[in-house]
Amino acid sequence: MESDPTTSEPEAAIGSDSSPVEQAILVSLRDSASAKGLMSPVRSVVASPRPVKGKAARRRLQLPPVSQAETGDEEPVPAVPENQEEAQPLPPICASPMRGMWRSEKVALYCDQVLQGSKAEDADEAMSKYLSEKLKVTDRWLGVWKSNPELFFEKYEEASIPFVGILVEVTCKPRQNLSSCFKVTVSVAEPFSSNIANIPRDLVDEVLGELEYSAPLLEVYPVEGQDADVRDIALALEVVRWCDIQDGTIPGPIAQRFKKTLEKYKNKRVELIEYQSNIKEDPSAAEAVECWKKYYEIVMLCGLLKMWEDLRLRVHGPFFPRILRRRKGKRDFGKTITHIVAKVMTTDMVKNLSSDTLLQQHDDLNLALDSCYSGDIVVIFPGEYQASNLALLTDDITIKGVGKREEIMITSEPSHDSFVVSKADSVKLMQLSLIQQGTVDGIVVVESGHLTLENCLLKCEGTGVCVLTGASLTITNSEITGAQGAGVELYPGSIAILEGNEIHHCNNLRTSDSSKSTLGGVNMKVLPAPKLKMTNNHIYNNNGYGVSILQPSEQFFIVAEAALNKGAASGDKKDDKMLSKVMQTLNVEMNNNRIEANSKGDIRIVTG
């Protein structure tokens with residue numbers, strides 16, 4: 001099933017075109033009943049499109065057609081056959097309310113309304129039952145069938161034709177077996193409508209005939225303008241399409257770790273059984289200790305597997321400490337190395353280095369990071385890079401770009417759980433552009449130790465910079481933009497120094513949760529209070545407040561449109577003393593910051 005390019009939620013089901021990782025883990029999961037909860041029920045209700053049986057239909061559209069939205073294409077366009085009407089534009093499909101939901105809201109919907117406390121092995125049946133109940137309300141409705149272009153075209157450009165959409169009338173019939181794949185009866189609706197203006201109607205009828213006029217339910221999207229019952233069906237289908245792995249709740253690396261953990265669990269069980277079978281008489285003290293040791297290893301692995309099976313536990317992670325790699329420390333001979341990251345190293349690149357500098361050249365950032373010991377420097381020259389090892393920063397290193405920061409672009413690997421994660425005593429990132437693409441955690445997460453960001457550009461797609469309890473962060477002369485939550489989020493007991501930064505256009509994700517809709521530039525979670533020092537920052541155009549300070553309380557104290565200067569706020573004069581007292585208590589120091597044009601106001605404090 002192809003996804004709608006206009007929607008932000010992934011809708012692709014895992015089928016015959018799954019990636020090797022997805023296929024491997026599904027095979028592994030089927031071997032263990034305890035692991036069935038990891039498999040999203042969407043995989044059991046979506047059938048991959050069947051190929052056309054003959055080539056007669058395909059021969060009729062061998063050239064890629066032009067979408068109604070495209071003009072000026074120089075490719076020859078297949079003419080609409082004589083006496084054949086041109087397809088009308090597709091009507092709009094029901095807007096998905098899930099687009100504006102936070103992950104926690106989706107999880108609540110999925111767990112409370114769909115799974116309803118069912119066991120992992122019953123998840124498929126619960127999902128099928130949920131859909132069946134929704135479909136009982138009305139048995140006929142209009143929808144857009146988003147089919148695989150391979151059903152209609154001998155060749156096509158995937159980028160220009162992600163799916164072939166046909167307006168169809170859907171007929172739902174009661175199903176005898178809840179565990180079977182959901183399919184519905186479809187027929188071409190009037191007026192004939194498609195996202196491909198020149199697609200012949202008789203070709204559509206021919207393809208539907210070969211498919212016996214049935215299509216996977218999740219390939220059909222109800223259209224707007226129908227009654228509330230159909231909108232409920234649209235929401236139900238959207239919930240089912242919300243696939244954990246595709247959405248990022250279970251990123252690829254976590255799926256791989258699950259598979260490895262599952263195999264280790266099986267091997268440990270075999271080891272324990274074999275060890276016990278070799279004990280012929282009453283076990284000795286040493287044998288008893290060894291049995292208990294093996295048993296507790298199994299218990300720990302079993303606990304991890306169960307955690308992955310529970311969607312609520314998965315979504316609120318972390319599952320276990322994310323950085324498992326040990327620190328290398330200093331090299332045995334005490335020297336440090338400067339790692340040059342560039343396709344080709346030239347003399348100009350190293351002319352300013354001292355003659356005793358030890359150099360290594362890499363054309364891959366990942367290899368450079370893997371070669372680092374504490375004290376090393378990684379120098380990156382202009383280009384675009386990816387490096388999963390940025391999520392494994394355990395040694396004290398410096399990573400800096402040479403040239404304009406916009407020219408040193410480091411992008412995250414889509415669907416990975418982390419981008420940049422630091423757990424070292426001192427890590428520095430300088431003169432870089434970090435571009436987040438689909439990772440789950442913040443664009444930068446400081447788990448422990450201290451991280452410095454200097455003259456960096458952070459283009460967030462998910463959450464922003466997160467500083468966990470006990471960790472510290474310094475950001476200077478940098479820019480943070482595009483975060484779905486706060487640009488900088490400080491957990492209780494963390495420390496942050498922000499100097500000369502721009503934080504703007506954050507908290508872009510719409511949500512029905514009023515507490516989250518007020519976040520914006522900087523968010524502090526109190527108890528114990530973080531320590532924050534802000535100087536000469538510009539925090540503006542955030543969808544929420546410029547700065548939010550949250551602590552357990554039933555009373556909301558809000559200063560709207562306040563401008564910070566030397567630790568105090570102007571705007572609501574009668575509360576100046578209270579605000580100053582709160583900030584002093586919370587160890588918040590703010591000087592010469594410009595906080596303006598934020599949609600909710602400039603400061604929000606929740607205090608008792």
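Rules used in this analysis
- Residues numbered from 1 in each chain as written.
- Predicted model: local features only at pLDDT ≥ 70, side-chain atom pairs only at ≥ 80, totals over all residues.
- Heavy atoms only, no water.
- Helix = DSSP H or I, 4+ residues; strand = E, 2+ residues; numbered from the N terminus.
- Contact = heavy atoms within 4.5 Å.
- Areas by Shrake-Rupley, 256 points an atom, 1.4 Å probe, with all protein chains shown as cover.
- pLDDT = per-residue confidence, 0-100.
- Pairing = 2+ DSSP bridges.
- Axes fitted to C-alpha atoms, helices over the stretch in contact; angles between N-to-C directions.
- Phe/Tyr/Trp six-rings, centres within 6.5 Å; stacked < 30°, edge-to-face > 60°.
- Buried < 20%, exposed > 50% of the residue type's maximum accessible area, 1.4 Å probe, protein only.
- Lys NZ or Arg CZ within 6 Å of the ring centre and 35° of its normal.
- Disulfide = S-S within 2.5 Å.
- Expected span 1.5 Å × (residues − 1).
- Polar contact = N/O pair within 3.5 Å; in protein donor to acceptor, adjacent residues only side chain to side chain.
- Core = buried A, V, L, I, M, F, W, Y, C linked by side-chain atoms within 4.5 Å.
- Salt bridge = Lys/Arg side-chain N within 4 Å of Asp/Glu carboxyl O.

When helices and strands are tallied, the chain shows 14 helices and 33 strands. Counting contacts in the chain only where the partners sit at least 6 residues apart, residues at least 24 apart contribute 67% of the total. Split by element, the accessible area of the chain, about 28600 Å² in all, is 50% carbon and sulfur.

This part is about the confidence of the model for the chain. Put simply, the chain has an average pLDDT of 75, and 67% of its residues get 70 or more. For the stretch residues 1–60, pLDDT sits under 50, and the model shows 133 contacts to residues farther than four places along the chain or on other chains. Overall, residues 63–80 carries pLDDT values under 50, and its contacts beyond four positions in sequence, including any with other chains, amount to 28 contacts.

Turning our attention to the sheet that holds strand E5 (residues 220–222). In spatial order, the strands read E4-E3-E2-E1-E5; together these five strands make up an open sheet with antiparallel pairing. The open sheet has two edge strands, strand E4 (214–216) and E5, and neither has a second partner. Each adjacent strand pair in this sheet contributes to an overall mean axis angle of 50°, direction not counted. Across four bridges, the pairing between strand E2 (residues 164–171) and strand E3 (residues 183–188) is antiparallel. Following the sheet pairing, Val 170 is matched in E3 by Val 186. Across the sheet, helix H5 (residues 201–210) is in contact with strand E1 (140–147), E2 and E3; its angle to E3 comes to roughly 155°. Running over the sheet, helix H6 (residues 228–241) touches E1 and E5 and is turned about 140° from E5.

Let us look at the packing of aromatic side chains. Within this structure, the stated rule accounts for four aromatic pairs. Centroid distance Trp 292 to Tyr 295: 5.8 Å. Interplanar angle 85°. Geometry classified as edge-to-face. Of this pair, Trp 292 and Tyr 295 both sit in helix H9 (residues 285–309), three residues apart, roughly one helical turn. Classification of Tyr 295 as partly exposed rests on a relative accessible area of 39%. Taken together, the aromatic side chains of Trp 292, Tyr 295 and Tyr 296 make up a single cluster linked through ring pairs. Against the face of Tyr 373 rests Lys 328, its NZ or CZ located 4.9 Å from the ring centre.

All chains considered together, the criterion is met by zero disulfides. Lacking any disulfide linkage, Cys 466 is separated from the closest cysteine sulfur, that of Cys 460, by 9.3 Å. Cys 460 supplies the cysteine sulfur nearest to Cys 506, a cysteine that is in no disulfide, at a spacing of 5.9 Å.

Taken together, the three bridges between strand E9 (residues 383–385) and strand E11 (residues 408–411) define a ladder with parallel strand orientation. Paired with Gly 383 across the two strands is Ile 408, which belongs to E11. Across three bridges, E11 lies against strand E14 (residues 433–435) in parallel orientation. Bridge pairing in E14 places Ile 410 opposite Leu 434.

To continue, consider H6. Because each turn of an α-helix spans 3.6 residues, side chains separated by three or four positions in sequence point in the same direction. If you check H6, its first and last C-alpha atoms are 20 Å apart, about what 14 residues at 1.5 Å a residue would give, namely 20 Å. Taken as a whole, H6 has its buried residues at Val 230, Ile 233, Ala 234, Ala 236, Leu 237, Glu 238, Val 239, Val 240 and Arg 241. At the N-terminal boundary of H6, the capping side chain belongs to Asp 227, with an oxygen 3.2 Å from the backbone nitrogen of Asp 229.

We now examine unusual backbone geometry. Cis geometry marks the peptide bond from Glu 190 to Pro 191, where omega comes out at -5°. The backbone of Asn 541 shows a phi angle near 55°, a positive value even though the residue is not glycine. Within the secondary structure, Asn 541 sits in the loop between strand E26 (538–540) and strand E27 (545–550). We classify Asn 541 as partly exposed; its relative accessible area is 34%.

Note on soluble globular proteins: their nonpolar side chains tend to be buried together. Among the nonpolar cores identified, the biggest contains 56 residues, and Ile 380, Ile 399, Leu 429 and Leu 532 are the most heavily contacted of them. When residues of this core are assigned to their parent elements, the largest contribution, three residues, is made by helix H12 (residues 365–370). When near neighbours in sequence (up to four residues on either side) are disregarded, Leu 532 contacts Leu 490, Ala 496, Leu 498, Val 522, Met 524, Asn 587, Val 588, Glu 589 and Met 590.

So, on to the environment of Phe 163. Examined against the element boundaries, Phe 163 turns out to sit in the loop between E1 and E2. Given a relative accessible area of 8%, Phe 163 falls into the buried group. Residues Phe 163 and Ile 196 lie 33 residues apart in sequence; the distance between their C-alpha atoms is 9.5 Å.

Attention shifts here to the pattern of salt bridges. Following the criterion strictly, the structure yields twelve salt bridges and no others. In this structure, Glu 190 and Arg 201 form a salt bridge, with 2.7 Å as the shortest nitrogen-oxygen distance. Linking Glu 190 in the loop between E3 and H5 with Arg 201 in helix H5, this pair joins segments that are eleven residues apart in sequence. You can call Arg 201 buried: its relative accessible area is 18%. Three or more residues joined by partner-sharing salt bridges are found here, namely Lys 268, Glu 271, Glu 290, Lys 294 and Glu 297.

Let us now look at the sheet that holds strand E6 (residues 337–341). Ordered in space as E7-E6-E8-E10-E13-E16-E19-E22-E25-E31, the ten strands form an open sheet in which the pairing is parallel. Two strands lie at the open edges of the sheet, namely strand E7 (358–362) and strand E31 (588–591), each paired on one side alone. Adjacent strand axes in the sheet meet at a mean angle of 10° when their direction is disregarded. Where strand E13 (residues 426–430) meets strand E16 (residues 450–454), five bridges bridge the pair, whose relative direction is parallel. When the bridges of E16 are listed, Met 430 appears paired with Glu 454.

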